[in-house]
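# Secondary and tertiary structure notes
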Amino acid sequence: MRWLLLAAVTVVVTWPLELVGVPSAALFAALVVGIALALAAVAPARVPRRLGVAAQGVLGVYIGTMVHQDAVAELGPHWPLVIGIAFATLVLSVACGALLALHRGVSVLTGSLALVAGGASGLVAIARELGGDDRVVSVVQYLRVALVTASMPVVVTLVYHADRSRPTFIAETESAPWYLSLAMLVGLVVVGALAGRLVHLPGAGLLGPLALTVALELSGYSFGLAVPVVLVQLGYAVIGWQAGLAFTRESLRTVGRTLPTAIGLIAVLGVVTAGLGVLLSRLTGLSLLEGYLATSPGGVYAVLATAVETGSDVTFIIAAQVVRILMMLFAAPLLARGVVWLSRRLGDGDGQSRAITEASREPIRVAD
């Protein structure tokens, strides 16, 4: 009955959010509903481990399908610059996350993962496995996506004076039959997760299937793989529940105390990446608007929509955004761990309170 209640309320909350265009609406709805029902003591105790790993795999394959051969080729001679800017964004966001950890109850690892500028759902999915608090990560990551998405129309109009009279036409690509996509999805999730664990890949349940999918896309053997929308939404919901059901009143207060600082750091991140966009435009011949869209620290769906509406170079912009997302997902766990190691060498400990750590790690183990 508790699972039925959780699922039903999540669907009811997700529907209007989808109508108004909220990004990753199912994840946000599941997070909020999970928190509310957990605090009311009418929620399930935990998300089963295998279900959590399966959700990670589905999201990994879904993110991997964003990579296309033509998009990568569009970067041409500018790919070192794009990678360099993505890496600079990663270092900046991890540094901002370390500042977030000045709050009592938030570890350096948690703060770093919370403000990494890309792959929000993926980072939330593996935060606990990496030793962070997925409750803080989920709230701050969604706040970043929401603020970037909401501010984009204002910035594009007032700062870049975008012209929406020449929209870009995007040709539809042919997708594989649903049964072939489903079979490939199952194979990628299972094989990718097992292979990831064999090579000790951080967050193997997500990054293993993601790596295999990217390899198929770049090699041209994806056969039009498309993840069914209903499975993507279910994956988002499971990740949201995983974080939301672990909330307690004390952890909610801890998250609330971090929000003013998080908002300020997200604003700093947005301004600095806009500056990187100016650098990109100067060195590649892109317009200032295209540079801004290519280096936006989140809101990839809003970026795509804006690029189409303004007649921008959609292929280059999406290629740059995909590079950013992949780098954040693969490199962020390693860089965040490096920050933790450095903080321990400096004698700061892990900076995370027992109250928030125990509640986060014990109820659910998304991977061994």
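Residues numbered from 1 in each chain as written. Predicted model: local features only at pLDDT ≥ 70, side-chain atom pairs only at ≥ 80, totals over all residues. Heavy atoms only, no water.

An unreviewed UniProt entry lists the chain under the name Membrane protein, with Mycolicibacterium phlei DSM 43239 = CCUG 21000 given as the organism.

This paragraph deals with the overall build of the chain. Regarding its fold elements, the chain presents 16 helices and zero strands. Of all intrachain contacts in the chain linking residues separated by at least 6 positions in sequence, the fraction that spans at least 24 positions is 80%. As presented, the chain carries roughly 16300 Å² of accessible surface, and 69% of it is formed by carbon and sulfur atoms. (Helix = DSSP H or I, 4+ residues; strand = E, 2+ residues; numbered from the N terminus. Contact = heavy atoms within 4.5 Å. Areas by Shrake-Rupley, 256 points an atom, 1.4 Å probe, with all protein chains shown as cover.)

A word on helix α11 (residues 229–244). With 16 residues, α11 should cover 22 Å at 1.5 Å per step; its first-to-last C-alpha distance of 22 Å lies within 8% of that length. Taken as a whole, α11 has its buried residues at Val232, Gly235, Tyr236, Ala237, Val238, Ile239, Gly240, Trp241, Gln242, Ala243 and Gly244. (Expected span 1.5 Å × (residues − 1). Buried < 20%, exposed > 50% of the residue type's maximum accessible area, 1.4 Å probe, protein only.)

The next point concerns the packing of aromatic side chains. Counted according to the given criterion, the structure contains five aromatic pairs. With a centroid separation of 4.5 Å and 20° between ring planes, the pair formed by Phe28 and Tyr142 is classed as stacked. Taken together, the positions of Phe28 in helix α2 (residues 25–39) and Tyr142 in helix α8 (residues 134–158) put the pair 114 residues apart, joining distant regions of the chain. (Phe/Tyr/Trp six-rings, centres within 6.5 Å; stacked < 30°, edge-to-face > 60°.)

So, on to unusual backbone geometry. Even without a glycine there, the phi angle at Ala41 is positive, about 60°. Note that Ala41 resides in the loop between α2 and α3 (49–64). Positive phi outside glycine occurs at Phe223, with the angle close to 55°. Since its relative accessible area comes to 55%, Phe223 is described here as exposed.

This part is about the confidence of the model for the chain. Averaged over all residues, the pLDDT of the chain equals 81, while 88% of them reach at least 70. Across the chain, helix α13 (residues 288–295) holds the top mean pLDDT of 93, while helix α16 (residues 354–361) sits lowest at 40. Note that pLDDT drops below 50 for residues 349–368; the model gives that stretch 51 contacts with residues more than four away or on any other chain. (pLDDT = per-residue confidence, 0-100.)

With that settled, the discussion passes to helix α1 (residues 2–19). Here α1 spans 27 Å end to end across 18 residues, near enough to the 26 Å set by a 1.5 Å rise per residue. The elements touched by buried residues of α1 are α2 and α11.

A few words now on the environment of Pro48. Within the element layout of this structure, Pro48 appears in the loop between α2 and α3. Using a relative accessible area of 41% as the deciding quantity, one classes Pro48 as partly exposed.

Moving on: the pattern of salt bridges. Scanning the entire structure with this criterion turns up one salt bridge. Salt-bridge contacts for Arg135 lead to Asp133; the nearest nitrogen and oxygen are separated by 2.9 Å. The exposure classification of Arg135 matches that of Asp133, with both residues buried. (Salt bridge = Lys/Arg side-chain N within 4 Å of Asp/Glu carboxyl O.)

Moving on to a nonpolar patch on the surface. A cluster of nonpolar residues, Trp178, Tyr179, Leu180, Leu182, Val186, Val190, Val191, Leu194, Leu212, Tyr221 and Phe223, forms a patch on the protein surface that exposes about 1100 Å² of accessible area. Residue contributions to the nonpolar patch peak at eight residues, all from helix α9 (residues 178–198). (Patch = residues over 30% accessible without salt bridge, like charges linked within 9 Å, V, L, I, M, F, W, Y side chains within 5 Å.)

For the rest of this paragraph, the subject is the packing of α3 against α11. As a packed pair, α3 and α11 sit with axes 9 Å apart at the nearest point and diverge in direction by 130°. As judged from the angle between their axes, α3 and α11 are oblique. Handedness of the α3/α11 crossing: left-handed. On α11, the residues that touch Leu51, Gly52, Ala55, Gln56, Val58, Leu59 and Tyr62 of α3 are Leu231, Val232, Gly235, Tyr236, Val238, Ile239 and Gln242. Each residue belonging to the contact of α3 with α11 can be placed in one class, and the counts come to 10 nonpolar, four polar and no charged. (Axes fitted to C-alpha atoms, helices over the stretch in contact; angles between N-to-C directions. Parallel < 35°, antiparallel > 145°, perpendicular 65-115°, else oblique. Left-handed = near helix turned anticlockwise from the far one by under 90°. Nonpolar A, V, L, I, M, F, W, Y, C, P; charged D, E, K, R; others polar.)

A surface patch of positive charge is lined by Arg104, Arg249, Arg253 and Arg257. As for its placement among the helices and strands, Arg104 is situated in the loop between α5 (79–100) and α6 (108–114). (Lys, Arg positive; Asp, Glu negative; His and termini not counted. Charge placed at Lys NZ, Arg CZ, Asp CG, Glu CD.)

Quick look at the environment of Val314 now. Relative to the helices and strands, Val314 resides in helix α15 (residues 314–345). Of the residues examined, Val314 reaches a relative accessible area of 9% and is grouped as buried.

What follows deals with the nonpolar core. Grouped together as the largest cluster of nonpolar side chains are 94 residues, with contacts concentrated most on Met152, Trp241, Tyr292, Leu293 and Leu329. Residue contacts for Met152: discarding those within four places in its chain leaves Tyr292, Leu293, Ser296, Gly298, Gly299, Ala302, Val303 and Thr306. (Core = buried A, V, L, I, M, F, W, Y, C linked by side-chain atoms within 4.5 Å.)

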